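Close look at the chain arrangement
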Amino acid sequence: MQSTPVQRSRLAQAVVTALWAGLVALPFLASSAAQLSLIVGALTLFVAAIVATFSLRYMRADPRADAFFITLALLVAAVLGFVFTQNLALFAMAWIASGWLLARLIGHTEGWAEARFAARRAMRAFAIGDTALVAALAVLAFHTASLDLATVLASLPAMPAPLVTATALLLLVAAAARSAMVPFSGWLLSSMTAPTPVSALMHAGFVNAGGFVLLRFAPVLEAAPIARNAAIVIGLAAAIYGIGIMTVRPDIKRSLAGSTVSQMGFMIMSCGLGAYAAALWHIVAHGLFKAWLFLGSGSAIGSGTKSAQQAPATLNPTPALTLAISAATLGIAMALVVEGSGAASLVPLLLGTATAAATTLGGLAAAPSGRARVMLAGAVAGLIAFHAGGLAVTHAALGADAVLALPDWTLLALLAAFLGLWVWQQLSLTRRNALPARLYVHLLNAGTLKGDLK
Amino acid sequence: MNMMTAFPAPHAVLTRTEIAGIVALAARAVPPLWPLESAIAVNPLAGLEDLAFEDAVKIGAQRFGARESLPLAQWRKLLAAGRIDERCLRDAAIRHIGGLEMAYMPIAPKLTRLDLLMARLLHLPCDGNGDASPKAPPATPDAAYVAKWCAAFFDQGLAASPMPYRELGLYRAVLALAPHDPQFHALTADTAAHLLLTVPRDPLEAIAEALAVLEIGEADQLEHLSGLVARLPGWAGHIRWRNEHADADAAAGAPATMADLLALWLLLERGGAVAAQSGVTVTTDPTDALARHFALSAPLPGAVVTIAALDEAELGALFMTAAEWSYRNALAPRLEAAARDAPDAANASPAPEAQLVFCIDVRSEPFRRALEAEGNYETLGYAGFFGLPIAVQKFGDARRKRFLPVLLSPQHDVGEAAVPGREQDAATLAATQAQVRQASGLFDNAKCGTATAFATAEAAGPLAGAVMAARTIAPRLVNRLSSAFAPRRAETLAPALHRKDCGTAVFTLAEKVGYASALFRLTGLSPSTARIVALVGHGGSAVNNPYAAALDCGACGGHAGGSNARVLATMLNEPDVRTGLAAQGIALPEETWFIAAEHNTTTDEVTVFDQASLPASHRADLAALCASLVRAGDANRNRRASLLGRTADDLLTGAVHWGEVRPEWGLSGNAAFIVGPRWLTQDTDLEGRAFLHSYEWRDDPDGTALTTILTAPMVVAQWINCQYLFSTVDNDRYGSGDKVTQNVVGGIGVLQGNGGDLKVGLPRQSLFMDDGTPYHVPQRLLAVVHAPLARVEAVVRANDILARLFGKGWVTLMVIDPETGKSRRWATDRELSPPALSENDA
């Protein structure tokens, strides 16, 4: 059944219109919904509307453009479904549907074995995560004899602790599969068979589901410190592993995928710490950031000339500066901890401060002119303002952070891990040292499809 | 059994020199592949151009696992759409059968061979679903492995952390990393780990040892190595580009030769990891269908079996011939008629208001036609680098770029400097560039730091969201706003004919006069020039598009041609150069002023450069010309919009939209290369399918200009033609596939999906319409020359490359005799010859 180009564009146009209309109508239609749902829903619709509008041109010549736009629309509907529903059964169904639809889009190109393998790999990862989710929701529903989310969460204190812990761990597995944490990262890292707009939506809208489910069921996690600590560990691991992948990949799309693994790890870690507002703001801002990078990935031709390697070394903060900033950051953290204000959001906030300091100081040192210095300072101030504004919004939406489930000093250890690696990384960059061979090969191989190996 | 066979002589290990010789020959299996930053069209079968076209296509298909022709279903669609004349298909079928008599002789009641063949061509079911771009089978594990290391090794800085040991060269770097690579061990036999320690470190020695160990006899060595080179045509082609066409700094710190690549392949082969290439395609036997179609019963006539035995490739070849004949039959009579009505030199039309020299590019022709309709303008065609073998280092660029055809190497380094009086703006531009560089450097660094990556994403997110929405919804507004705050580059900077550091001239006076006079010698431009002569380069507009440079001027090395036009116009306005020209008999009127311009082939807007330096006396002339250019642009944009199935206004949006995958059709549709004066083609709408090189045979008695035109611009046109042809025939193997799943690698090219070979050729969107039928009809170039037969024949016979291209059927040569106005076609070696110039048969 060949549809004519005119019909095809009409269908695509309808999807685009529906998405923009949905975005505009969202605050009115869902005014009673939880702020968390509103924010994640708005992000999903915004990115989806942009992606669909972009695709009117980009996917114009696609042999299966109809299927593309319909699947895209259904995927967005499924994501909105689990984001807004109060019913656990609907939650599970929408959740499972969204995974299946995304896998369809990863394998969108017909007759391409690689795409089929990649789709199947995603389905396998989702199957494990979905099973865990269904099991967790079933435990909750059976125990409270209710399918209503609020009711279930309200009756948590009556649940036996081991059961809560098991449920929380199952939810964590579900989150890890969606957010591409280790050992589930492979599906995301080998999903480059998806058309570019799908990747944009996937990295901006879909992978956030992991963080969303942890935030939605935050009370379950808070009742299970082991699960929270596990989230910190797997989050930290993915945060660092993903950056490693990102820095070694010579292709733009998998490099971005490595970055997503890392960013999702940081977000899951924040959830584990209990820094909910920071995690939610990370979901939103990273979603926009990554969708922008993916849609613009065609611009990477000739980008080599401005790479970190060939750029004047002065553009990198010097190792001494890096070390000084790291030491100062750790010093502030220590002071705060000793003083007794070691809150969950200390890690994201202090890393933000270190980033601002490194960018400003490194940039000022290398700025070509006085005017450039002023503009740089202005730009950094603006970005800090955006960041602070975003955090304020998510704080207002989610209320207070959870109390740490770990002793305060672990925050220092986490910070030290990020900062220590950073100092090492900048030192290697400045000296143009390559990574150790074994590590390099491992990172380069990460996510290779098994289908194209023996 | 005697003693001699009991102890087989060990295979002699070849010396390094011998191996180097074989490797150099094997490297010719693939053409060089230019990085997309300066995309250059090449014939994917360039290594087989010594063979007849038909044989080369067959061998290429085996070597690269490619299709030989478009699928039959696609050809039928082109026929149904009227893009091929059915009578020509019938003629091609008759020729294939062996002439009219054979074709029409009944072989059964009311049945001829022609009926059988036409039924196969037009009606019988065909193989496959007719999808023009089926995806390749997944890269075999061995190829995926080699491609993985090539991508890491040749990265131009996309990865922040480079591959270790690159300075050792590709082969040795992989030897050093493979012991740590589980994929290597999974791929190879257990002995391979030991092999990693013992194989020679020198790639040539390693090849020699491998050939001996694998017992590949001397007779098979070249074929074996060629086969390995062709396994990854993209990366092998990249190696050829790096070593043969790039400036030395492109390979700095990471040397690699074809020997590295082959040593790596042979290492895998010794490890037992190289899979045999399977190129077997199962096709259905159409004999029964043919018999049913004509209600024949056994025993079937022999002709049925013969015609049933034709495969789709052979049927496709008949369609291609038909497409070529359809085109030629429509064009030849019109050109012959024009040649017979040659304008008389005595009562020539009044002197033109202005003369404009465009690039030979097929996209110039419709614009020229539109402009000619606007007034008394004379237009000419000349290679778009305007004969200047220069490299240009743009203001703020770290490297020079080659603004010349790849057949030449740069003789002059041209920089850019502020236009007099615009020094302040130039300083502003420089400051802006420095700031942008700094900001992007800071951003790139921050987004991959383990401490800074997260806050960077969070801080940049809202801004990214706003930019994303603006670029998607209002790209033209964004474009206007971003250009409103910066000085216009073209008005601020100009190519500098003096070196910045020492002030010495880039060109000597003699060189300037030489380049200036070539314009007249090669195009036949009369020295009685109009008040304004415009040299019009061209470039395309595309954003966020890896193939943007493929829309630029190929003669300028895949860059926009404005710089070359500006340099030559500047020279031609210099009094010394005018004096020098006069000394050569080219005395230009004093009131002639040369201006440079650039035609944007995506938007059909024309930028006129350096208007400030125009004498006041010529202002009115230029204003009139500019108004005509705008109107011609509007007309041509409307025409092109209908071909793209969009509105003319949408073309302007597409030119700046980051989601646009087909800003224009580029050189799709190219079919002919016409050498002759403009009046020959002026009354024929060539539909943007012809390269037009101006040429006046009377001014070229010894054929030197013709030799240059045929051996340089025409050869480039043939590369372009073959790239479009083969990219359409098999878009996955010879082309780069669908744009939407492409993945930029190393800053130099694209992969499909997760990895595999660096893609060659053009993407699907550049060649096929939205519904999947080809916009570009695959057909070989038709070269038309307006000159006396004897002179053309002498030129062809004196140049091996021409004798080969015309003789082996890569290009069809048609000569239009100026005296008789009759056309003659150069016979291929296969056809009966002599005489080489036979009566035009089709």
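Described in the following lines is the structure provided in the data block.

**Some points on the overall build of chain A**
In terms of regular secondary structure, chain A is built from 19 helices and 0 strands. For chain A, the C-alpha atoms occupy an extent of roughly 60 × 55 × 50 Å along the three principal directions. Intrachain contacts of chain A at a sequence separation of at least 6 include 80% that bridge at least 24 residues. By element, 72% of the accessible surface of chain A is carried by carbon and sulfur atoms, the whole surface being about 16000 Å². Of the side chains in chain A, 25 bear a positive and 12 a negative charge, and the two mean positions are spaced by 12 Å.

**Concerning the interface of chain A and chain B**
Taken residue by residue, the interface counts 105 residues in chain A and 101 residues in chain B. Ranking the residues of chain A by area buried against chain B places Arg57, Pro250 and Ile301 of chain A at the top, with a combined share of 9%. At the surface where chain A touches chain B, the tally comes to 3 salt bridges. Between Arg60 of chain A and Glu660 of chain B there is a salt bridge; the shortest N-O distance is 2.8 Å. Run the count over chain A and chain B and you get 33 residue pairs in polar contact (both at pLDDT 80 or more). Take the side of chain A that touches chain B: its biggest share by element is 9 residues, from helix H14 (residues 276–295) of chain A. For the side of chain A that touches chain B, a count of residues per class yields 55 nonpolar, 36 polar and 14 charged.

**Considering the packing of helix H31 (residues 789–798) of chain B against helix H32 (residues 800–807) of chain B**
Helix packing geometry: the angle between the two helix axes and the distance between the axes. Residues and elements named next belong to chain B. Viewed as axis vectors pointing N to C, H31 and H32 meet at an angle of 105 degrees, and their least axial separation amounts to 5 Å. As summarised for this structure, H31 and H32 are arranged roughly perpendicular, according to the angle between their axes. Contact with H31, carried on its side by Val795, Val796 and Ala798, involves Asp800, Leu802, Ala803 and Phe806 of H32 and no other residues of that element. Per-class residue counts for the contact of H31 with H32 are 6 nonpolar, no polar and 1 charged.

**Some words on empty space enclosed by the protein**
Evaluated as defined, the whole model comprises 10 cavities of 30 Å³ or more. Forming the walls of the largest cavity are 14 residues, and the residues nearest its centre are Pro31, Pro44, Pro233, Tyr734 and Val760 of chain B. For the lining of the largest cavity, the per-class residue count stands at 10 nonpolar, 3 polar and 1 charged. Looking at the second largest cavity, its volume works out to about 150 Å³. Forming the boundary of the second largest cavity are 18 residues, of which Tyr58 and Gly298 of chain A together with Asn544, Pro546 and Lys739 of chain B lie nearest the centre. For the lining of the second largest cavity, the secondary-structure elements that each account for two or more residues are helix H13 (252–273) of chain A together with strand E14 (742–745) of chain B. Broken down by element, the residue count for the lining of the second largest cavity peaks at 3 residues, all from E14 of chain B. Looking at the lining of the second largest cavity residue by residue, the class counts come to 8 nonpolar, 7 polar and 3 charged.

**Remarks on the pattern of salt bridges**
By the definition in use, this model includes 48 salt bridges over all chains. Notably, a salt bridge pairs Arg662 of chain B with Asp770 of chain B, separated by 3.0 Å at the nearest N-O pair. Taken as a pair, Arg662 of chain B in the loop between helix H28 (648–654) and strand E12 (672–675) and Asp770 of chain B in the loop between strand E15 (749–752) and strand E16 (781–786) lie far apart in primary sequence, 108 residues in all. Asp770 of chain B carries the same exposure label as Arg662 of chain B, and that label is buried. One salt-bridge network, in which partners are shared between bridges, spans Arg57 and Arg60 of chain A together with Arg646, Asp650 and Glu660 of chain B.

**Concerning the nonpolar core**
If you look at the biggest cluster of nonpolar residues, it comprises 376 residues, and the most contacted ones within it are Trp187 and Phe217 of chain A. Core analysis: the next-biggest nonpolar cluster, separate from the first, contains 18 residues, Leu371, Tyr377, Ile532 and Leu622 of chain B among them.

**Looking at helix H19 (residues 437–445) of chain A**
Those residues of H19 of chain A lying buried are Ala437, Tyr440, Val441, Leu443, Leu444 and Asn445 of chain A. Turning to H19 of chain A, the residues buried within the fold contact helix H12 (225–248) and H13 of chain A together with helix H8 (141–154), helix H9 (170–177) and helix H10 (182–187) of chain B.

**With respect to the environment of Arg640 of chain B**
Residue and element names in this part refer to chain B. Its location among the elements puts Arg640 in helix H27 (residues 619–644). Residue classification places Arg640 among the buried positions, given a relative accessible area of 10%. Between the C-alpha atoms of Arg640 and Thr603, which are 37 residues apart in sequence, the distance is 9.7 Å. Residues within four places of Arg640 in sequence aside, it is in contact with Thr601, Thr602, Asp604, Leu651, Pro663 and Glu664.

**A closer look at the packing of H8 of chain B against H9 of chain B**
Residue and element names in this part refer to chain B. Between H8 and H9, the shortest axis-to-axis distance is 11 Å and the interhelical angle comes to 115 degrees. Considering their axes alone, H8 and H9 lie roughly perpendicular with respect to each other. Here H8 runs over H9; the crossing is right-handed. Contacts between H8 and H9 involve Trp149, Cys150, Phe153 and Phe154 from the former and Leu170, Val174 and Leu177 from the latter. Residue composition of the contact of H8 with H9, grouped by class: 7 nonpolar, no polar and no charged.

**Things to note about the environment of Leu310 of chain B**
Residues and elements named next belong to chain B. Examined against the element boundaries, Leu310 turns out to sit in the loop between helix H17 (302–308) and helix H18 (312–340). Note on Leu310: relative accessible area 10%, which makes it buried. In the structure, Leu310 is positioned 54 residues away from Ala256 in sequence and 44 Å away in space, judged by C-alpha atoms.

**Here's the deal with the pairing of strand E18 (residues 823–826) of chain B**
Residue and element names in this part refer to chain B. Residues of E18 alternate between two faces, with Ser823 and Arg825 on one and Arg824 and Trp826 on the opposite face, all of them buried. In this structure, strand E17 (residues 811–816) lies alongside E18, joined through 3 bridges in antiparallel fashion. The residue of E18 that forms the bridge with Ile816 is Ser823. Taking the residues that link successive antiparallel strands as the turn, the E17-E18 hairpin has 6 residues, and the phi of Gly821 there is positive, at about 75 degrees.

**Focus: the side chain of Ser191 of chain A**
Mapped onto the secondary structure, Ser191 of chain A falls in the loop between helix H8 (186–189) and helix H9 (196–206). The contacts of Ser191 of chain A, once residues within four sequence positions are left out, are Ile106, Ser199 and Met202 of chain A together with Asn754 of chain B.

**Re the packing of aromatic side chains**
What the rule picks out here adds up to 31 aromatic pairs over all chains. Aromatic side chains Phe289 of chain A and Phe443 of chain B sit 6.0 Å apart centroid to centroid with 75 degrees between the ring planes, which places their arrangement in the edge-to-face category. Of this pair, Phe289 of chain A sits in helix H14 while Phe443 of chain B sits in helix H20 (residues 423–447), on two different chains. Overall, the relative accessible area of 22% leaves Phe443 of chain B in the partly exposed class. Both rings, one in Phe64 of chain B and one in Tyr734 of chain B, keep their centres 6.1 Å apart while their planes meet at 75 degrees; by these two values the pair is edge-to-face. Of the two residues, Phe64 of chain B is situated in helix H3 (residues 53–64) and Tyr734 of chain B in the loop between helix H30 (713–729) and E14; the sequence distance between them amounts to 670 residues. Accessibility expressed as a relative area gives 5% for Phe64 of chain B, which makes it buried. Classification of Tyr734 of chain B by relative accessible area gives buried; the value is 4%. Here a set of aromatic residues connected by ring pairs shows up, and it is made of Phe82, Phe91, Trp95, Phe212 and Phe217 of chain A. Across the ring face of Tyr775 of chain B, the terminal group of Arg83 of chain B is positioned such that the distance to the ring centre comes to 6.0 Å.

What counts as what
Residue numbers restart at each chain and count upward from 1, following the sequence in its written direction. Chains and ligands are labelled sequentially in the order written, the chains with letters from A and the ligands with numbers from 1. For a predicted model such as this one, the threshold for reporting local features is a pLDDT of at least 70, and the threshold for listing and counting side-chain atom pairs is 80 or more; totals across whole chains, interfaces and linings nevertheless cover every residue. As a convention, hydrogens and water are excluded, and side-chain values are obtained from all of the structure's heavy atoms. A run of H or I in DSSP becomes a helix once it reaches four residues, and a run of E becomes a strand once it reaches two; helices and strands are each numbered from the N terminus. Contact criterion: two residues are considered in contact whenever any of their non-hydrogen atoms come within 4.5 Å of each other. Every accessible area reported is derived by Shrake-Rupley at a probe size of 1.4 Å, with residue values counting cover from the shown protein chains alone. His is not counted, nor are the chain ends; Lys and Arg add positive charge and Asp and Glu add negative charge. Charge positions come from single atoms, namely NZ of Lys, CZ of Arg, CG of Asp or CD of Glu. Put simply, buried area is the surface a 1.4 Å probe can reach on two separate parts but cannot reach once they are joined, added for both. Should a side-chain nitrogen of Lys or Arg be within 4 Å of a carboxyl oxygen of Asp or Glu, the pair is scored as a salt bridge. In protein, a polar contact requires one atom able to donate a hydrogen and another able to accept it; more generally it is a pair of N or O atoms within 3.5 Å, and residues adjacent in sequence count only if both atoms are side-chain atoms. Residues are grouped as follows: Ala, Val, Leu, Ile, Met, Phe, Trp, Tyr, Cys and Pro are nonpolar; Asp, Glu, Lys and Arg are charged; all remaining types, including Gly, are polar. Angles shown run from 0 to 180 degrees and are taken between the N-to-C directions of axes, each axis being a line fitted to C-alpha atoms and, for helices, limited to the stretch in contact. Any angle that is under 35 degrees is reported as roughly parallel, and any over 145 degrees as roughly antiparallel; angles of 65 to 115 degrees are reported as roughly perpendicular and all others as oblique. In the cavity and pocket records, a cavity denotes points on a 1 Å grid over the protein atoms alone where a 1.4 Å probe fits but cannot get out, a pocket denotes an open set with protein on both sides within 12 Å along at least 5 of 7 lines, and lining residues are residues with an atom within 4 Å of a point. Grid points are joined across faces, edges and corners, and a volume is the space filled by probe spheres set on the points. Only protein chains enter the calculation, and the probe is 1.4 Å; a residue is then buried if its accessible area is under 20% of its type maximum, exposed if over 50%, and partly exposed in between. Among the buried residues, those of types Ala, Val, Leu, Ile, Met, Phe, Trp, Tyr and Cys that are joined through side-chain atoms within 4.5 Å form a nonpolar core. Crossings are assigned a handedness: left-handed for a near helix turned anticlockwise from the far helix by less than a right angle, right-handed for a clockwise turn. Should DSSP find at least two bridges between two strands, the strands are taken to pair. Two aromatic rings, drawn from Phe, Tyr or Trp (for Trp, its six-membered ring), form a pair once their centres lie within 6.5 Å of each other, and the interplanar angle then sorts them: stacked below 30 degrees, edge-to-face above 60, tilted otherwise. Charge-over-ring contacts are defined here by two conditions on Lys NZ or Arg CZ: a distance within 6 Å of the ring centre and an angle within 35 degrees of the ring normal.

Read these as spatial facts, not as claims about activity.
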